[in-house]
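Letter by letter, the chains look like this.
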Amino acid sequence: SSVAVMPSVKRTVEIEAKYKVYLERQEKDIALFKKSDAMRIPEGYDYEKLPISQEEKDKLETAKPGSIEEVKHILGIKPSTLLFIIKDLRKSHHS
(Lines give C-alpha, C1' and ligand atoms only; values in the text may rest on other atoms or scores of the structure.)
Protein backbone atom coordinates (compact mmCIF):
# COMPACT_ATOMS: atom_id res chain seq x y z
CA SER A 1 0.00 0.00 0.00
CA SER A 2 1.27 3.45 -0.84
CA VAL A 3 1.30 6.30 1.61
CA ALA A 4 -0.75 9.33 0.68
CA VAL A 5 1.31 12.50 0.94
CA MET A 6 -0.34 15.87 1.17
CA PRO A 7 0.49 18.00 -1.88
CA SER A 8 1.89 20.79 0.33
CA VAL A 9 4.31 18.37 2.03
CA LYS A 10 5.35 16.90 -1.32
CA ARG A 11 5.93 20.42 -2.68
CA THR A 12 7.99 21.42 0.37
CA VAL A 13 10.22 18.34 -0.01
CA GLU A 14 10.68 19.06 -3.73
CA ILE A 15 11.62 22.69 -3.04
CA GLU A 16 14.06 21.76 -0.28
CA ALA A 17 15.71 19.15 -2.49
CA LYS A 18 15.94 21.59 -5.39
CA TYR A 19 17.46 24.44 -3.35
CA LYS A 20 19.58 22.39 -0.94
CA VAL A 21 22.84 23.30 -2.71
CA TYR A 22 22.00 27.00 -2.65
CA LEU A 23 20.95 26.91 0.99
CA GLU A 24 24.15 25.11 1.97
CA ARG A 25 26.23 27.68 0.07
CA GLN A 26 24.33 30.49 1.78
CA GLU A 27 24.96 28.93 5.21
CA LYS A 28 28.69 28.73 4.40
CA ASP A 29 28.65 32.39 3.31
CA ILE A 30 26.90 33.42 6.54
CA ALA A 31 29.46 31.53 8.64
CA LEU A 32 32.30 33.12 6.64
CA PHE A 33 30.65 36.52 7.03
CA LYS A 34 30.39 36.13 10.83
CA LYS A 35 33.97 34.98 11.43
CA SER A 36 35.60 37.53 9.11
CA ASP A 37 35.05 40.75 11.10
CA ALA A 38 38.66 40.87 12.30
CA MET A 39 40.06 40.14 8.83
CA ARG A 40 42.48 42.92 7.90
CA ILE A 41 42.35 44.70 4.56
CA PRO A 42 45.85 45.66 3.41
CA GLU A 43 46.63 49.30 2.74
CA GLY A 44 46.26 50.07 -0.96
CA TYR A 45 43.87 47.14 -1.55
CA ASP A 46 42.61 47.25 -5.16
CA TYR A 47 38.80 47.45 -5.10
CA GLU A 48 38.76 47.98 -8.89
CA LYS A 49 39.30 44.24 -9.46
CA LEU A 50 36.02 43.35 -7.72
CA PRO A 51 32.77 42.83 -9.68
CA ILE A 52 30.95 45.59 -7.76
CA SER A 53 29.38 48.92 -8.68
CA GLN A 54 31.57 51.95 -9.28
CA GLU A 55 29.68 53.72 -6.51
CA GLU A 56 30.72 51.04 -4.01
CA LYS A 57 34.32 51.14 -5.27
CA ASP A 58 34.38 54.91 -4.77
CA LYS A 59 32.97 54.62 -1.24
CA LEU A 60 35.56 51.98 -0.32
CA GLU A 61 38.43 54.00 -1.85
CA THR A 62 37.31 57.08 0.10
CA ALA A 63 36.76 55.29 3.42
CA LYS A 64 39.89 53.10 3.16
CA PRO A 65 38.59 50.52 5.67
CA GLY A 66 41.26 48.57 7.54
CA SER A 67 39.07 45.56 8.31
CA ILE A 68 35.91 43.75 7.25
CA GLU A 69 34.25 45.11 10.42
CA GLU A 70 34.88 48.66 9.14
CA VAL A 71 33.44 47.82 5.70
CA LYS A 72 30.20 46.70 7.39
CA HIS A 73 29.74 50.24 8.73
CA ILE A 74 30.01 51.99 5.35
CA LEU A 75 26.55 53.03 4.20
CA GLY A 76 25.53 51.54 0.84
CA ILE A 77 27.88 48.55 0.80
CA LYS A 78 25.97 45.37 -0.06
CA PRO A 79 26.49 42.05 1.77
CA SER A 80 27.51 40.52 -1.57
CA THR A 81 30.32 43.09 -1.82
CA LEU A 82 31.56 42.09 1.62
CA LEU A 83 31.67 38.48 0.48
CA PHE A 84 33.63 39.41 -2.66
CA ILE A 85 36.21 41.20 -0.49
CA ILE A 86 36.39 38.38 2.09
CA LYS A 87 36.77 35.68 -0.56
CA ASP A 88 39.38 37.69 -2.46
CA LEU A 89 41.40 38.33 0.70
CA ARG A 90 41.23 34.65 1.65
CA LYS A 91 42.28 33.61 -1.88
CA SER A 92 45.29 35.98 -1.93
CA HIS A 93 46.16 34.99 1.66
CA HIS A 94 46.24 31.28 0.74
CA SER A 95 48.19 31.69 -2.50
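Everything below is about the structure printed above this text.
Residues numbered from 1 in each chain as written. Predicted model: local features only at pLDDT ≥ 70, side-chain atom pairs only at ≥ 80, totals over all residues. Heavy atoms only, no water.

Moving on, we come to the environment of Ser67. In this fold, Ser67 is placed in the loop between helix H2 (54-63) and helix H3 (68-72). The class for Ser67 is buried, based on a relative accessible area of 6%. Sequence spacing of Ser67 and Lys34 is 33 residues, and the spatial spacing of their C-alpha atoms is 13 Å. Excluding its chain neighbours within four sequence positions, the residues that come into contact with Ser67 are Asp37, Met39, Arg40 and Ile41. (Helix = DSSP H or I, 4+ residues; strand = E, 2+ residues; numbered from the N terminus. Buried < 20%, exposed > 50% of the residue type's maximum accessible area, 1.4 Å probe, protein only. Contact = heavy atoms within 4.5 Å.)

Describing an aromatic ring pair means giving the distance of the ring centres and the angle of the ring planes. Tallying each qualifying case throughout the model produces 2 aromatic pairs. With a centroid separation of 6.2 Å and 50° between ring planes, the pair formed by Tyr19 and Tyr22 is classed as tilted. Here Tyr22 and Tyr19 lie together in helix H1 (residues 7-35), a separation of 3 residues that amounts to about one turn. Judged by relative accessible area, Tyr19 falls into the partly exposed class, the value being 40%. Between Tyr45 and Tyr47 the ring centres are 4.9 Å apart and the planes differ by 70°, which places this aromatic pair in the edge-to-face class. Tyr47 shares its class with Tyr45; the two are buried. In this structure, Lys72 packs its charged tip against the face of Phe33, placed 4.4 Å from the ring centre. (Phe/Tyr/Trp six-rings, centres within 6.5 Å; stacked < 30°, edge-to-face > 60°. Lys NZ or Arg CZ within 6 Å of the ring centre and 35° of its normal.)

Within this structure, the stated rule accounts for 10 salt bridges. Here Asp37 and Lys72 are joined by a salt bridge, their closest N and O atoms 2.4 Å apart. One end of the pair, Asp37, is in the loop between H1 and H2; the other, Lys72, is in helix H3, with 35 residues separating them in the sequence. Across the pair Glu48 and Lys57 runs a salt bridge whose closest N-O atoms are separated by 3.9 Å. One continuous salt-bridge network, built from bridges that share partners, spans Lys10, Arg11 and Glu14. (Salt bridge = Lys/Arg side-chain N within 4 Å of Asp/Glu carboxyl O.)

Let's shift gears to unusual backbone geometry. In this model, Lys64 sits at a positive phi of 45°, which is unusual for a non-glycine residue. Position of Lys64 among the secondary structure elements: in the loop between H2 and H3.

Without other data, these values stay purely geometric and don't point to any function.
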